[in-house]
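Tertiary structure, described
One letter stands for each residue in the lines below.
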Amino acid sequence: MRKLILVPLFFFTTLCSEQINHGTFKGKRFNDVWKQFTDVQCNFKYNNSEDMLYMYIYGYTTTAHLLDKEQRAILTSIVNKYFEWNEKAISKEVEIEKTIDIELVVRGVFNLGDEWHWSCKKPSNSIVAKFFSQNTKRHQLVLSFEKIKSCSNSYIDYKPDQLYFDYEEVLIISKLLLQEALDETMKEFEKQESIEDDFN
């Protein structure tokens, strides 16, 4: 269920941008020490003024990857390819591990202490997608993220963990990427703002 929350995020030290909570989904991170998967909370937040969708991944270090309209369309193409291969793999009862050869390069940001560290403004962080079979009936979308290098401090960087998404979560992602879903989020937000204005 979506909750509309205004979240202030400071760009470097001065610029503040309002982001609206757009929807949550869940990924899985593989723990090499314990040899098991752990759940990872993810969230989309939308900035209407810049038409930018922020994909947050929460953990010991919180990261976000920025998706403009063109990049959202590319991620949608990746998701659609996953659905196509998932249907094919299930029908053929096969296991396969294969990279989805669709290039997606975005801008990344990560939180370290009380500071947000951004990659350079020009999109510079690749997200590589892979189709991965756990068995003949369970096939996942895997996203691998390039290291995010801080633009403000060349000695600081962070490489997000690889994430695994099951079919149900990919379905949620695909719906949240739709323009109609973004429009509905804005409509609900503006309605709530109008209600609150009546109580000034």
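So, here is what we can say about the structure in this document. (Residues numbered from 1 in each chain as written. Predicted model: local features only at pLDDT ≥ 70, side-chain atom pairs only at ≥ 80, totals over all residues. Heavy atoms only, no water.)

Here we take up the pattern of salt bridges. Opposite charge on two side chains permits them to pair, given that their charged atoms come into close proximity. Enumeration according to the criterion identifies seven salt bridges in this entry. Measuring nitrogen to oxygen at the nearest pair gives 2.5 Å for the salt bridge that ties Arg29 to Asp161. Taken together, the positions of Arg29 in strand 2 (residues 15–31) and Asp161 in the loop between strand 12 (157–158) and strand 13 (163–165) put the pair 132 residues apart, joining distant regions of the chain. Ionic pairing is found between Lys81 and Glu84, a salt bridge with its closest N-O pair at 3.3 Å. Within this pair, Lys81 and its partner Glu84 are both found in helix 1 (residues 69–92), separated by three residues, close to a single helical turn. (Salt bridge = Lys/Arg side-chain N within 4 Å of Asp/Glu carboxyl O. Helix = DSSP H or I, 4+ residues; strand = E, 2+ residues; numbered from the N terminus.)

This part covers the packing of aromatic side chains. Going through the model one piece at a time under the given rule, you end up with 13 aromatic pairs. Ring geometry for Phe25 and Phe44: centres 4.9 Å apart, planes at 45°, overall tilted. Residue Phe25 is located in strand 2, and its partner Phe44 is located in strand 3 (residues 36–47); the two are separated by 19 residues in the primary sequence. Residue Phe25 is classed as buried on the basis of its relative accessible area of 3%. A ring pair is formed by Phe83 and Tyr167, whose centres lie 5.5 Å apart and whose planes are at 65°; its orientation type is edge-to-face. (Phe/Tyr/Trp six-rings, centres within 6.5 Å; stacked < 30°, edge-to-face > 60°. Buried < 20%, exposed > 50% of the residue type's maximum accessible area, 1.4 Å probe, protein only.)

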